[in-house]
Amino acid sequence: MRVVSYGGGVQSTALLVLAARREIDFHTFLFANVGDDSEHPATLAYVREIAVPYAARAGLDIHELERRRRNGAKETLMQRLNRPDTRSIPIPVRMANGAPGRRNCTADFKIKVVGRWLREQGATAETPAAVGIGISLDEIHRANRRRREAHEVIEYPLLDLGLRRDDCERIITEAGLPVPPKSSCFFCPFRTVAAWRHQRRHEPELFALSARLEETINRRRAALGRDAVYLTRYGVPLNQAFPEEQTEEGDVDEDEGACDSGWCMT
């Protein structure tokens, strides 16, 4: 069994095109949707309106997967973050010094969701499935073969082909497809400074939801006697970090590539 963990971004869409051209041996793409209320709407639109029809024309399959709790109920990342009984924070919120905290969002909503599907299809430790990850040569530091389930073997087709992000964009354009936006949850603390400023200026509804989530997390932490945490490295609430009157874009993205999992932002 050979599948690609499809994130809906540039690198994994390049893998989709390469598979359509039969230049890599993958026919099944798994999109672990962390929730329609959590994924960036532009990513969901790209996957459903552009990638899925393209894959179908090429004889490839894109399966959209969701996290299910033990009782069978669907759970999104936003729902997990807003559960009143949640004591730990699954996303890498920033501590007072700007450093990211521990996270399990990738494990719970990406790795385990894909892993469960593979098990259901028959993958075992003795006959593991190959899972392709869209990490390009310029992000080789994100490659980490330890982040997998026991019944998986991780592969990096873009690294094997020596392809960089610019090459991925060219491959997508040559296929007649628009280049997708960088995929991640719209409130991810690993978003770059430029991405936050863009959201503040051009996506005010999403920015308001991000700020509300940050407030909810800190209200719960205050009730537990814990210090405040933030969605950016600035150590202040989102609305203060990016005030409406100061939304110029173009600063250096110091956080670029901070997420090293390889399962998101590809």
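Presented here is an overview of the structure given in this document. Keep in mind that this is a model prediction, so the values were computed, not measured. (Residues numbered from 1 in each chain as written. Predicted model: local features only at pLDDT ≥ 70, side-chain atom pairs only at ≥ 80, totals over all residues. Heavy atoms only, no water.)

### Examining helix α2 (residues 41–57)
Residues lying three or four places apart along an α-helix face the same way, a consequence of the helix completing one turn every 3.6 residues.
So, step 1. For α2, which comprises 17 residues, the first-to-last C-alpha distance of 24 Å matches the rise-based estimate of 24 Å (1.5 Å per residue) to within 8%.
So, step 2. Of all the bends in α2, the greatest reaches close to 35° and is centred on Ala51; the proline Pro53 follows between one and four positions later.
So, step 3. Here α2 has its buried residues at Thr43, Leu44, Tyr46, Val47, Ala51, Tyr54 and Ala55.
So, step 4. In this fold, the buried residues of α2 make contact with α1 (10–20), β2 (28–32), β3 (61–65) and α6 (165–174). (Helix = DSSP H or I, 4+ residues; strand = E, 2+ residues; numbered from the N terminus. Expected span 1.5 Å × (residues − 1). Bend = angle between axes of the 7 residues up to and from the residue. Buried < 20%, exposed > 50% of the residue type's maximum accessible area, 1.4 Å probe, protein only. Contact = heavy atoms within 4.5 Å.)

### Concerning the sheet that holds β2
So, step 1. Here we have five strands laid out as an open sheet, ordered β3-β2-β1-β4-β5, and parallel in their pairing. Two strands bound the open sheet, and with one partner strand each, they are β3 and β5 (152–155). Each strand axis lies, on average, 30° off the axis of its neighbour in the sheet, ignoring direction.
So, step 2. With three bridges connecting them, strand β1 (residues 2–5) and β2 associate as parallel partners. By the bridge assignment, Ser5 is partnered in β2 with Leu30.
So, step 3. Sheet strands touched by α2: β2 and β3. Its angle to β3, the strand with the most contacts, is close to 150°.
So, step 4. Of the strands in this sheet, β1, β2, β3, β4 (129–132) and β5 touch helix α4 (residues 105–120), which is tilted by about 135° from β2. (Pairing = 2+ DSSP bridges. Axes fitted to C-alpha atoms, helices over the stretch in contact; angles between N-to-C directions.)

### Quick word on the pairing of β4
So, step 1. Here β4 shows no split at all, with Ala129 and Val131 on one side and Ala130 and Gly132 on the other all buried.
So, step 2. Examined bridge by bridge, β1 and β4 share three bridges and lie parallel to one another. Residue pairing for β4: Arg2 is matched across the bridge by Ala130.
So, step 3. Pairing analysis gives four bridges linking β4 to β5, with the strands arranged parallel. Its bridge partner lying in β5, Ala130 is registered against Val153.

### Describing the packing of α1 against α6
So, step 1. Put simply, α1 and α6 touch, their axes get as near as 9 Å, and they point 50° apart. Between α1 and α6, the crossing angle belongs to the class labelled oblique. In this structure, α1 crosses over α6, and the sense of that crossing is left-handed. Contacts between α1 and α6 involve Val10, Gln11, Thr13, Ala14, Val17 and Leu18 from the first element and Arg165, Cys168, Glu169, Ile171 and Ile172 from the second.
So, step 2. Here the residues of the contact of α1 with α6 are counted per class, giving seven nonpolar, two polar and two charged. (Parallel < 35°, antiparallel > 145°, perpendicular 65-115°, else oblique. Left-handed = near helix turned anticlockwise from the far one by under 90°. Nonpolar A, V, L, I, M, F, W, Y, C, P; charged D, E, K, R; others polar.)

### Some words on the packing of aromatic side chains
So, step 1. Summed over the entire model, instances satisfying the criterion amount to three aromatic pairs.
So, step 2. A centroid spacing of 6.2 Å and a plane angle of 85° characterise the contact between Tyr6 and Phe29, whose relative ring orientation is edge-to-face. Note that Tyr6 is positioned in the loop between β1 and α1 and Phe29 in strand β2, a separation of 23 residues in sequence.
So, step 3. The exposure class of Tyr6 is buried, given its relative accessible area of 1%. (Phe/Tyr/Trp six-rings, centres within 6.5 Å; stacked < 30°, edge-to-face > 60°.)

### Looking at the nonpolar core
So, step 1. Core analysis: the biggest nonpolar cluster contains 29 residues, and Tyr6, Leu15, Leu16, Leu18, Phe29, Leu60 and Ile62 have the highest contact counts within it.
So, step 2. Looking at this core, the elements with two or more residues in it are α1, β2, α2 and α6.
So, step 3. Setting aside chain neighbours within four positions, we find Ile62 in contact with Tyr6, Leu16, Phe29, Phe31, Ala51, Val52 and Ala55.
So, step 4. Grouped together as the second largest cluster of nonpolar side chains are 28 residues, Ile91, Cys188, Val193 and Leu213 included. (Core = buried A, V, L, I, M, F, W, Y, C linked by side-chain atoms within 4.5 Å.)

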